[in-house]
Amino acid sequence: MMMQAHALALENQEVAASPFANADEQYEAIKSRLVTPEVRRMTHSELENLLEVEGRELLRRLFQSHLDLRSLQERDLGIEGPVIGADGVVRTDLREGGRDLMTVFGGVRAERLAHHTPGTSSLMPLDAALNLPKESFSFGVSRHCAEEATKGSFDEAVQSVCTYTGAQIAKRQLEELVLRAATDFEVFYEAREVLTASRVAELGEILVLTTDAKGVVMLKKALREATQKAAEREEQKPSGPDTKAPKKNRKRMAQVAAVYTVAPFVRAPEDIMRELNRRDDAPKARPRPENKRVWASVSCEPEHEIRAAFEEAARRDPERKKVWVALSDGNEGQLWLLEKLALEYGVRIIVVLDIIHVLGYLWKAASAFEKQSSPEAEKWVSEHFLAVLRGKASDVAAGIRRSATKRGLSAGQRKPADKCANYLHKYAEYMHYDEYLAKGLPIATGVIEGACRHLVKDRMDITGARWGLDSAEAVLRLRSIRSSGDFAEYWAFHERQELQRNHAEKYANGEVPAICQPTLRPRGGRPHLRLVK
């Protein structure tokens, strides 16, 4: 035992005398290699690869040397005050131990002291000082994993992390890191401060909320109960060589939402027609959405996400001075929730039906009267669409029905016309486009359509992908954070949350005792740690 203690003391002296000797050795080796004939014949890309690998090893050694210094400081100088757990028990005994950590430079080991008392869990103040993660992978590696997993498949993310960092990680480990990385999504946005009056005034006059849904192909166990039962019934149907494989009932809807502000953009119905017909040689400069936040969830119910949109909007306009606009595609449940929450939050909200959906219905109705894609059909659509833009949706609906009756169309022939007329009549209260355009309000759901495509389809619809609920939710959340431009801020918040969860809450009053700092001592005194330049 005495021999082990003596060996440890000698090791500590060596580290203190030359803490970065191992790193210096690697640096000298790199310099020596750079002047060899072999390296002097390399192309610039070969030299790049060499320095990337060798330089990474240099950084790994620097990291390890710093950890060794921190460990030595803890052993020689100790802790400021007693180590008391959240249970109120003072940890009086010390035990040596270490843990491995995979960093972006490669593997290192952190030696530290465990403070314990029989019958209690051990506490390690150095782990807290370093904010070491629960897993064996550093936050730098976790961040790489989180970002790469939002860009492509998990397999591609593993390859990217292993190629461009010094970390080695398996697919399962990466998935677990991604799940943990998304843990603080809701808390992060809930903790954001309400904007000040001056900041609110800087934003556009119009505050837009918009929401939609997009299906994600899931593993059967991750489907909602009703969809899961439908999928099971489908599987029980007889199949044969002429029967296509079942494709229905494989998706779970991801609710997508967006909130942004925008300046008014006043136009006339004729301006919209010129834009659609590409006949406007000098279109007006369109104001761009500001401070756009987009997000999606496959696990939460629509009301949860639409409520989150109201919360985000309320933070941006706490005094309700802006013009609140909700853009919708006409989903009845969605419209009901918008109106219900508007009452709850005490805000007057203008619900606008997406004009592109209206145009689609008109094109289908045109097929009942004119040959599809013919000049006559295009003229028919243009005339009726302009009338809708002028705020005459109900009149257009009545006219379509009368026209179908006058022409003596059969029930089958007039079906698309009736469907369009019913749609226009049903949602007429959300189609006052002449008023919306005069106020400069947006009338199309391009932002949310783009969000559905970018957040959900581009990542979740990778060929062959079948998602579990937790992994799908984590990827959507992280992708949302990146798309909203909040990733750097979120990650700093996430690390603070991890410090609280993994370390601070284990100590009395949530306070981690600090490790004593080295001080300069008078000559002749016994230094605990000698600083070497």
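Definitions and cut-offs
- Residues numbered from 1 in each chain as written.
- Predicted model: local features only at pLDDT ≥ 70, side-chain atom pairs only at ≥ 80, totals over all residues.
- Heavy atoms only, no water.
- Helix = DSSP H or I, 4+ residues; strand = E, 2+ residues; numbered from the N terminus.
- Rg over C-alpha atoms; globule rule 2.2 N^0.38 Å.
- Buried < 20%, exposed > 50% of the residue type's maximum accessible area, 1.4 Å probe, protein only.
- Contact = heavy atoms within 4.5 Å.
- Areas by Shrake-Rupley, 256 points an atom, 1.4 Å probe, with all protein chains shown as cover.
- Lys, Arg positive; Asp, Glu negative; His and termini not counted.
- Charge placed at Lys NZ, Arg CZ, Asp CG, Glu CD.
- Pairing = 2+ DSSP bridges.
- Axes fitted to C-alpha atoms, helices over the stretch in contact; angles between N-to-C directions.
- Salt bridge = Lys/Arg side-chain N within 4 Å of Asp/Glu carboxyl O.
- Patch = residues over 30% accessible without salt bridge, like charges linked within 9 Å, V, L, I, M, F, W, Y side chains within 5 Å.
- pLDDT = per-residue confidence, 0-100.
- Parallel < 35°, antiparallel > 145°, perpendicular 65-115°, else oblique.
- Left-handed = near helix turned anticlockwise from the far one by under 90°.
- Nonpolar A, V, L, I, M, F, W, Y, C, P; charged D, E, K, R; others polar.
- Phe/Tyr/Trp six-rings, centres within 6.5 Å; stacked < 30°, edge-to-face > 60°.
- Core = buried A, V, L, I, M, F, W, Y, C linked by side-chain atoms within 4.5 Å.

Colleague: I would appreciate a short explanation of the overall build of the protein in the present structure.
Modeller: Secondary structure assignment for the protein yields 22 helices and nine strands. Here the C-alpha atoms of the protein give a radius of gyration of 32 Å, more than 25% beyond the 24 Å that 2.2 N^0.38 yields for 533 residues. With the C-alpha coordinates of the protein rotated into their principal frame, the extents come out at 110 × 55 × 55 Å. When burial is assessed residue by residue, the protein has 45% of its 533 residues classed as buried. A sequence separation of at least 24 residues applies to 77% of the contacts in the protein between residues at least 6 apart. Of the accessible surface of the protein, which amounts to about 28900 Å², a share of 52% is contributed by carbon and sulfur atoms. Separation between the mean location of the 81 positive side-chain charges and that of the 78 negative ones in the protein comes to 4 Å.

Colleague: Would you take a moment to explain the pairing of strand 3 (residues 93-103) for this structure?
Modeller: Look at any regular strand and the pattern is simple: side chains alternate between the two faces of the sheet. Here strand 3 runs beside strand 4 (residues 106-116); their pairing, made up of 11 bridges, is antiparallel. Each residue of the ladder has a partner; that of Met102, found in strand 4, is Gly107.

Colleague: Any chance you could explain the sheet that holds strand 9 (residues 349-353) here in plain terms?
Modeller: Pairing between the strands of a sheet comes from backbone hydrogen bonds, and it takes one of two forms, parallel or antiparallel. In spatial order, the strands read 7-6-5-8-9; together these five strands make up an open sheet with mixed pairing. Of all the strands in the sheet, just strand 7 (290-297) and strand 9 have a single pairing partner and so form its edges. The mean angle between the axes of side-by-side strands here comes to 20°, regardless of whether they run parallel or antiparallel. Pairing geometry for strand 5 (residues 206-217) and strand 6 (residues 251-262), over 12 bridges, is antiparallel.

Colleague: Would you mind showing me how to read the pattern of salt bridges here?
Modeller: What the rule picks out here adds up to 42 salt bridges. Two residues, Arg112 and Asp127, come together in a salt bridge whose shortest N-O distance is 2.7 Å. Note that Arg112 is positioned in strand 4 and Asp127 in helix 5 (residues 125-130), a separation of 15 residues in sequence. With relative accessibility at 6%, the residue Asp127 sits in the buried group. In this structure, Glu312 and Arg315 form a salt bridge, with 3.0 Å as the shortest nitrogen-oxygen distance.

Colleague: Looking at this structure, I do not really get a nonpolar patch on the surface. What am I missing?
Modeller: Side chains of Leu34, Val35, Leu47 and Leu51 sit close together on the surface and give an oily, nonpolar patch of about 290 Å² of accessible area. With respect to the helices and strands, the residue Val35 is situated in the loop between helix 2 (21-34) and helix 3 (37-40). For Val35, a relative accessible area of 55% puts it in the exposed group.

Colleague: Can you help me understand the environment of Gln497 in this one?
Modeller: Among the structural elements, Gln497 can be located in helix 22 (residues 487-502). Between the alpha carbons of Gln497 and Val187 there is a distance of 9.6 Å; along the sequence they are 310 residues apart. Discounting residues that sit within four places of it in the chain, Gln497 has contacts with Asp184 and Val187.

Colleague: Would you take a moment to explain helix 12 (residues 269-276) for this structure?
Modeller: Note that an α-helix has 3.6 residues per turn; residues three or four places apart therefore point the same way. Among the residues making up helix 12, those that are buried are Pro269, Asp271, Ile272 and Met273. Those residues of helix 12 that are buried lie in contact with helix 16 (375-389) and helix 19 (433-438). Count one or two residues on from helix 12 and you reach Arg278, which has phi positive near 55°.

Colleague: I tried to follow the confidence of the model for the protein on my own but got confused; where do I start?
Modeller: Close reading of the predicted structure is inappropriate where its pLDDT is low. This prediction gives the protein a mean pLDDT of 89; 91% of its residues lie at or above 70. Predicted confidence for residues 520-533 stays below pLDDT 50, and this span has 14 contacts to residues more than four positions away or in other chains.

Colleague: Could you clarify how one ought to interpret the packing of helix 2 against helix 4 (residues 44-77) in this entry?
Modeller: The interhelical angle for the contact between helix 2 and helix 4, taken along N-to-C directions, is 165°, at an axis separation of 8 Å. With respect to each other, helix 2 and helix 4 are oriented roughly antiparallel. Handedness of the helix 2/helix 4 crossing: left-handed. Across the interface between the two elements, Asn22, Ala23, Glu25, Gln26, Tyr27, Ile30, Arg33 and Leu34 of helix 2 pack against Leu47, Leu50, Leu51, Glu54, Gly55, Glu57, Leu58, Arg61 and Leu62 of helix 4. Among the residues forming the contact of helix 2 with helix 4, the class breakdown is nine nonpolar, three polar and five charged.

Colleague: Explanation requested: the environment of Asp212 in the structure shown.
Modeller: Topologically, Asp212 is positioned in strand 5. A relative accessible area of 11% means that Asp212 is categorised as buried. Separated by 67 residues in the primary sequence, Asp212 and Cys145 place their C-alpha atoms 28 Å from one another. In this view, Asp212 contacts Ala254, Gln255, Val256, Asp329, Gln334, Ile448, Glu449 and Cys452; residues no more than four positions away in its chain are not counted.

Colleague: I'm lost on the packing of aromatic side chains in this one. Help?
Modeller: The relation between two aromatic rings is expressed through the spacing of the ring centres and the mutual angle of the planes. One pass over the structure, following the stated rule, counts 14 aromatic pairs. Residues Phe310 and Trp324 carry aromatic rings whose centres are separated by 6.1 Å and whose planes lie at 40° to one another, so their mutual orientation is tilted. Separated by 14 residues along the polypeptide, Phe310 in helix 13 (residues 302-316) and Trp324 in strand 8 (residues 323-328) bring together distant segments of the chain. Taking the relative accessible area as the measure of exposure, Phe310 reaches 0% and is therefore buried. By relative accessible area, Trp324 is classed as buried at 1%.

Colleague: Is there a simple way to think about the nonpolar core in this case?
Modeller: In a soluble, globular protein the nonpolar side chains are often hidden away together inside. Leu174, Phe310, Val358, Ile400, Leu424 and Tyr433 are the most contacted members of the largest nonpolar core, which totals 119 residues. No other element matches the eight residues that helix 16 contributes to this core. Counting residues in hydrophobic clusters, the runner-up holds six residues, among them Ile79, Val83, Leu123 and Ile515.

Colleague: I keep staring at the environment of Gly106 and nothing clicks. Help me out?
Modeller: As for its placement among the helices and strands, Gly106 is situated in strand 4. Between the C-alpha atoms of Gly106 and Ala258, which are 152 residues apart in sequence, the distance is 39 Å. If we skip the residues at most four places from it in the chain, Gly106 touches Arg60, Leu101 and Gly166.

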